[in-house]
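Given next are the chains, with one letter for each unit.
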Amino acid sequence: MKTLKNFFILIRWEYMPSAINETGIPALLALLFIPFSPQYMFDVIISLLIWYGAHFIGAQINNISDYDSDKKFKSYISDSLDYFGEKKVKQMIIVEVIIVSALAIGMTIVRRQPMLMILWLVGLFFAYAYSMKPFNFKSRTIMNPITLALVLYLIPMLFSYLLIAREFHKMPVITIVIFGVQMVPMFFMDEISDYEEDKDANVKNPCVTFGRRKTIIIATIIAIISNASMLFYWFNYISHTSSLKMLFFVFALLFYIFVVFDFVRIYKMSDPLLLKDQAKLMKLKKSIHTPVWLMGTGAATLLLIFERWVK
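Here the structure is a predicted model, which is why all the values come from computation and not from measurement.

**A few points about the packing of aromatic side chains**
At step 1: Applying the stated rule across the entire model yields 8 aromatic pairs.
At step 2: Residues Trp51 and Tyr52 carry aromatic rings whose centres are separated by 5.0 Å and whose planes lie at 75° to one another, so their mutual orientation is edge-to-face.
At step 3: For Trp51, a relative accessible area of 8% translates into the label buried.
At step 4: Assessed through its relative accessible area of 23%, Tyr52 is described here as partly exposed.
At step 5: A ring pair is formed by Phe125 and Phe126, whose centres lie 5.2 Å apart and whose planes are at 70°; its orientation type is edge-to-face.
At step 6: Three or more aromatic residues joined by ring pairs form one cluster here, namely Trp51, Tyr52 and Phe56.
At step 7: Between the NZ or CZ atom of Arg213 and the centre of the ring of Tyr267, over which it lies, the distance is 3.9 Å.

Structure follows, in structure tokens:
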């Protein structure tokens, strides 16, 4: 039981429900172009397995990279790494890479779609380059959120869609690209709680470079623009005479508003004068609910897609 608990900590289990976004959105978009069938279900399952494997790999690589800073500020993660030992965790990563690569290669050969293999290799490169030298994109300011958006959303979602739908279609690809941009502010906001740790570790991410409040402003602006873009794009596909379809649209809007308002709440809490109080600083750190924002934004997008199926 202890081994299982430490493994789940090591793979950052709190982000695992995000598969609803990364696999669920492409799967639902694909249904707009292909029929529901046993083959469809098989492809969705394979896509989900590959996503989870990739998630395990990326999380463990990042935990090895962040070991020293985690030792100071997130000891529960570094303790899990100590439980297995760095050598064993690296062996686990190698095994996971072999297994997931075999799945990706197998589907590439069966489907005769080399783009699947290209997407997998590009994603694997960025998963490594984000945390490890000589690239270490997490410390290269703007490359930090861009790399995360690519490796966690854009690339895996395009991979999943191509695997399930077997070819790209304009509307789903545009939706996935906009969704990838919607995820960028989440990564800006996620750094707010780690400002002190990242600054001590000399990690030059946006939050350390620009400061907490400027980072929140940038995240909020990107969120408003990308959310408005998604709503505007899908508004063209909605039958405006259907009350039920419009209801889906309104609920999607409310989810987006909730996320943006939460960003504003964090901005108010991040006043440097207030953060001189250690209790208020800890309250701010505990108020960064990235998984909730991810799921809220994903739920809004899923509602927009569901609207297409309403008669």
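**Concerning unusual backbone geometry**
At step 1: A positive phi angle is found at Arg112, which is not glycine, with a value near 55°.
At step 2: Of note, Arg112 is situated in the loop between helix H6 (86-111) and helix H7 (114-131).
At step 3: Using a relative accessible area of 77% as the deciding quantity, one classes Arg112 as exposed.
At step 4: Of note, the phi angle at Arg166 is positive, near 75°, even though the residue is not glycine.
At step 5: Mapped onto the secondary structure, Arg166 falls in the loop between helix H8 (143-165) and helix H9 (170-190).
At step 6: Residue classification places Arg166 among the partly exposed residues on the basis of a relative accessible area of 39%.

**Considerations on the packing of helix H1 (residues 2-10) against helix H5 (residues 75-84)**
At step 1: Contact pair H1 / H5: the axes reach a minimum separation of 9 Å and the direction vectors enclose 125°. Classified by the interaxial angle, the pair formed by H1 and H5 is oblique. Here the hand of the crossing between H1 and H5 comes out left-handed. Counting all contacts with H1, which are made through Lys2, Thr3, Asn6, Phe7, Ile9 and Leu10, the residues of H5 involved are Tyr76, Ile77, Asp79, Ser80, Leu81, Tyr83 and Phe84.
At step 2: Among the residues forming the contact of H1 with H5, the class breakdown is 8 nonpolar, 3 polar and 2 charged.

**As for the nonpolar core**
At step 1: By size, the foremost hydrophobic cluster in this structure holds 84 residues, and its most contacted members are Phe159, Trp234, Ile266, Trp293 and Leu304.
At step 2: For this core, the element with the most residues is H8, which contributes 13 residues.

**A word on the pattern of salt bridges**
At step 1: Summed over all chains, the structure comprises 3 salt bridges.
At step 2: Across the salt bridge formed by Arg111 and Asp43, the nearest N and O atoms sit 2.4 Å from each other. One end of the pair, Arg111, is in helix H6; the other, Asp43, is in helix H3 (residues 38-65), and 68 residues separate them in sequence. With respect to burial, Arg111 and Asp43 carry one shared label: buried.
At step 3: Between Asp262 and Arg265 there is a salt bridge; the shortest N-O distance is 2.7 Å. Placement of the pair is Asp262 and Arg265 together in helix H13 (residues 243-269), with a separation of 3 residues, close to one helical turn.
At step 4: On the accessibility criterion, Arg265 (30% relative accessible area) is partly exposed.
At step 5: Among the charged side chains, a network of salt bridges with common partners joins Asp43, Arg111 and Arg166.

Parameters at a glance
- Residues numbered from 1 in each chain as written.
- Predicted model: local features only at pLDDT ≥ 70, side-chain atom pairs only at ≥ 80, totals over all residues.
- Heavy atoms only, no water.
- Phe/Tyr/Trp six-rings, centres within 6.5 Å; stacked < 30°, edge-to-face > 60°.
- Buried < 20%, exposed > 50% of the residue type's maximum accessible area, 1.4 Å probe, protein only.
- Lys NZ or Arg CZ within 6 Å of the ring centre and 35° of its normal.
- Helix = DSSP H or I, 4+ residues; strand = E, 2+ residues; numbered from the N terminus.
- Axes fitted to C-alpha atoms, helices over the stretch in contact; angles between N-to-C directions.
- Parallel < 35°, antiparallel > 145°, perpendicular 65-115°, else oblique.
- Left-handed = near helix turned anticlockwise from the far one by under 90°.
- Contact = heavy atoms within 4.5 Å.
- Nonpolar A, V, L, I, M, F, W, Y, C, P; charged D, E, K, R; others polar.
- Core = buried A, V, L, I, M, F, W, Y, C linked by side-chain atoms within 4.5 Å.
- Salt bridge = Lys/Arg side-chain N within 4 Å of Asp/Glu carboxyl O.

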